[in-house]
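Below, each chain spelled out in residue letters.
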Amino acid sequence: MERYSRQVLFQPIGREGQEKLGRARVLLVGCGALGSVLAEILVRAGIGRLTLADRDYVDESNLQRQSLYTEADAREGLPKAVAAVRHLREINSAVEIVERIADVNALSVASLVQEQDLILDGTDNFETRYLLNDASLKWNIPWIYGACVGSYGLCLAFLPGLTACLRCVLQQLPPPGSSPTCDTSGVVGPIVHLVAALQAAEALKILTGNLRQVNRKVVTVDVWENRVATLDLSQLNRDGRCPACGQRRFEFLEGAHEGRTQALCGRNAVQIWRSSPRPVDFKPIAERLARLGPVQYNEFLLRAHVDNLEIALFRDGRGIIRGTQNSDEAQRIYAKYIGN
Amino acid sequence: MSIKVLFFASLADLTGMRETEVDSRAHTSVASIYTKFARDFPRLEEHRASLLYAVNSEFVQPDSPVHDGDEVAFFPPVSGG
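Here the structure is a predicted model, which is why all the values come from computation and not from measurement.

Draft legend 1. Up close: the overall build of chain A. In terms of helices and strands, chain A carries 13 helices and 14 strands. At 20 Å, chain A has a C-alpha radius of gyration in line with the 20 Å of a compact globule built from 340 residues. By principal-axis analysis of the C-alpha atoms, chain A measures approximately 65 × 50 × 40 Å. Evaluated residue by residue, chain A yields a buried proportion of 58% over its 340 residues. Long-range contacts, defined here as pairs at least 24 residues apart, represent 66% of the contacts in chain A between residues at least 6 apart. Across chain A, 40 positive and 38 negative side-chain charges occur, with their mean positions spaced 3 Å apart.

Below you can see the structure in the form of structure tokens.
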């Protein structure tokens, strides 16, 4: 326990809290900027198991704020889940860390949330957050929303049955494109660390059983405009009309995506799935695409540049086409260069 | 007879204002204050259905009443991470 002595000395955690942490199982969805900081804080704090799910790969433009990753990760084009797990194991080898190179969606979420004590939000879009909200309520697992863009961010913890849920607070999914994203408006490192630190503090409270200490307010911070504001949710009237926590209609869980593509909002990219996932052999594809432009691949991921677009292809056949937001174009490119 | 109005993040960018005041006699609800500004800054309409509304730092629904001396705040949720 020497390793955790300073945390054990902190009276609200103590030896008992540390033992609870050591048994805690946490699902982190998204390991970009917030996810990097969250994963590091929790792994250093000595949780029992971290399941880390991410669908993306490390890019040079991530390094300014995504604190787990290095230039070598970007050069190798490693999936974030793989790179993160490597670094986290060096930080604390006693924590069980499970890597999932996967998109968290209505099909995959059920298996990911089983036997978890907490869901941490490191995602970059509202749709996945509404899905996590449904999963949290259905399987009675707390989750902690955090998000930031520019110099502004917010954090809020949701405890099923004890607090309002995301849909009580934000009844409608903001229309795609209506709000700025890190890819359209930028983001500065400090707000990432601040929001993730707020989330991680709530996580430690929940995992050590200090539920009464959990902040029931939305905390908003703007590190450039020098504004900190909170919104008290305790008077929010939970009258049972909320479709998610009141009526237990889990529309986002039920909406298993039927489509084969999804525009990654604000990222100028489209994600595309195969109708039946099966392992892909990168070698022949790389040889074919090398005639058209630069190609690199490793055991997890192939990246190729064709027609001013970048194709990233994962082992299970999932692709991310960067340089377009048009689903039809992405499907055409995928069919043309990867095949069906 | 005034109500203080605060705009945060992208809403402050859209309106060019972080903080302003409205006449409390002209407004009965949080939504009516928002509507007043949306007339001057039509892009505010896009955000109306997915905002966090507060009166005196307390989360409220848009139809909540407002009174002289209140502080009304509009927060956009964001999605980056």
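Draft legend 2. Inspection of the interface of chain A and chain B at higher detail. Counting residues at the interface gives 40 residues for chain A, matched by 25 residues for chain B. Taken over both partners, the interface formed by chain A and chain B buries close to 2600 Å², and the fraction arising from carbon and sulfur atoms is 60%. Broken down residue by residue, the surface that chain A buries against chain B is led by A:Tyr152, A:Arg227 and A:Leu231, which jointly contribute 26%. At the boundary of chain A with chain B, the tally comes to 1 salt bridge. Salt-bridge contacts for B:Arg18 lead to A:Glu225; the nearest nitrogen and oxygen are separated by 2.3 Å. Applying the counting rule to chain A against chain B returns 13 residue pairs in polar contact (both at pLDDT 80 or more).

Draft legend 3. Examining the packing of helix 3 (residues 33–45) of chain A against helix 10 (residues 189–207) of chain A more closely. Residue and element names in this part refer to chain A. Packing of helix 3 against helix 10 leaves a shortest axis separation of 9 Å and a crossing angle of 40 degrees. Comparing their axes, helix 10 and helix 3 come out oblique. Classified by chirality, the crossing of helix 10 by helix 3 is right-handed. Taken together, the residues of helix 10 that come into contact with helix 3 (itself represented by Ala33, Leu34, Val37, Leu38, Ile41, Leu42 and Ala45) are Val192, His193, Val195, Ala196, Ala197, Gln199, Ala200, Ala203 and Leu204. Its residues assigned to classes, the contact of helix 3 with helix 10 shows 14 nonpolar, 2 polar and no charged.

Draft legend 4. Examining the environment of A:Glu310 more closely. All names here are of chain A. Residue placement: Glu310 occurs in strand 13 (residues 309–314). Judged by relative accessible area, which is 12%, Glu310 ranks as buried. The sequence separation of Glu310 and Arg322 amounts to 12 residues, and the corresponding C-alpha distance is 5.1 Å. Glu310 has contacts with Tyr57, Arg303, Ala304, His305, Ile320, Ile321 and Arg322, leaving out every residue within four places of it along the chain. Among the polar contacts listed, one links the side chain of Glu310 to the side chain of Tyr57, at a separation of 2.3 Å.

Draft legend 5. Geometry of the state of the cysteines. All names here are of chain A. All told, the structure shown has 0 disulfides over all chains when counted by the stated rule. Left without a disulfide partner, Cys31 is nearest to the cysteine sulfur of Cys148, which lies 14 Å away. Its sulfur unpaired, Cys168 is 3.4 Å from the next cysteine sulfur, which belongs to Cys245. In this structure Cys168 comes out as buried when scored by relative accessible area, which is 7%.

Draft legend 6. Spotlight on unusual backbone geometry. All names here are of chain A. Non-glycine residue Asn140 carries a positive phi angle of around 55 degrees. Secondary-structure assignment places Asn140 in the loop between helix 7 (126–139) and strand 5 (143–149). Judged by relative accessible area, which is 55%, Asn140 ranks as exposed. One non-glycine residue, Asp307, lies in positive phi territory at about 50 degrees.

Draft legend 7. Structural context of empty space enclosed by the protein. Here the structure, examined in full by the defined rule, presents 3 cavities of 30 Å³ or more. Roughly 60 Å³ of internal volume is contained in the largest cavity. Lining the largest cavity are A:Tyr145, A:Leu154, A:Leu156, A:Leu166, A:Val169, A:Leu170, A:Val218, B:Leu52 and B:Pro77. Those elements that provide at least two residues to the lining of the largest cavity are strand 6 (152–158) and helix 8 (166–169) of chain A. When grouped by side-chain class, the residues that make up the lining of the largest cavity number 9 nonpolar, no polar and no charged.

Draft legend 8. Representation of the side chain of B:His47 within the structure. Along the chain, the position of B:His47 falls in helix 3 (residues 44–47). Filtering out sequence-adjacent residues up to four positions away, B:His47 remains in contact with A:Ser178, B:Ser10, B:Leu11, B:Leu14 and B:Tyr34.

What counts and how
- Residues numbered from 1 in each chain as written.
- Chains lettered and ligands numbered in written order.
- Predicted model: local features only at pLDDT ≥ 70, side-chain atom pairs only at ≥ 80, totals over all residues.
- Heavy atoms only, no water.
- Helix = DSSP H or I, 4+ residues; strand = E, 2+ residues; numbered from the N terminus.
- Rg over C-alpha atoms; globule rule 2.2 N^0.38 Å.
- Buried < 20%, exposed > 50% of the residue type's maximum accessible area, 1.4 Å probe, protein only.
- Contact = heavy atoms within 4.5 Å.
- Lys, Arg positive; Asp, Glu negative; His and termini not counted.
- Charge placed at Lys NZ, Arg CZ, Asp CG, Glu CD.
- Buried area = accessible area lost by both parts, 1.4 Å probe.
- Salt bridge = Lys/Arg side-chain N within 4 Å of Asp/Glu carboxyl O.
- Polar contact = N/O pair within 3.5 Å; in protein donor to acceptor, adjacent residues only side chain to side chain.
- Axes fitted to C-alpha atoms, helices over the stretch in contact; angles between N-to-C directions.
- Parallel < 35°, antiparallel > 145°, perpendicular 65-115°, else oblique.
- Left-handed = near helix turned anticlockwise from the far one by under 90°.
- Nonpolar A, V, L, I, M, F, W, Y, C, P; charged D, E, K, R; others polar.
- Disulfide = S-S within 2.5 Å.
- 1 Å grid on protein atoms, 1.4 Å probe; cavity = no way out; pocket = protein on both sides within 12 Å on 5 of 7 lines; lining within 4 Å.
- Points joined across faces, edges and corners; volume = space filled by probe spheres on them.

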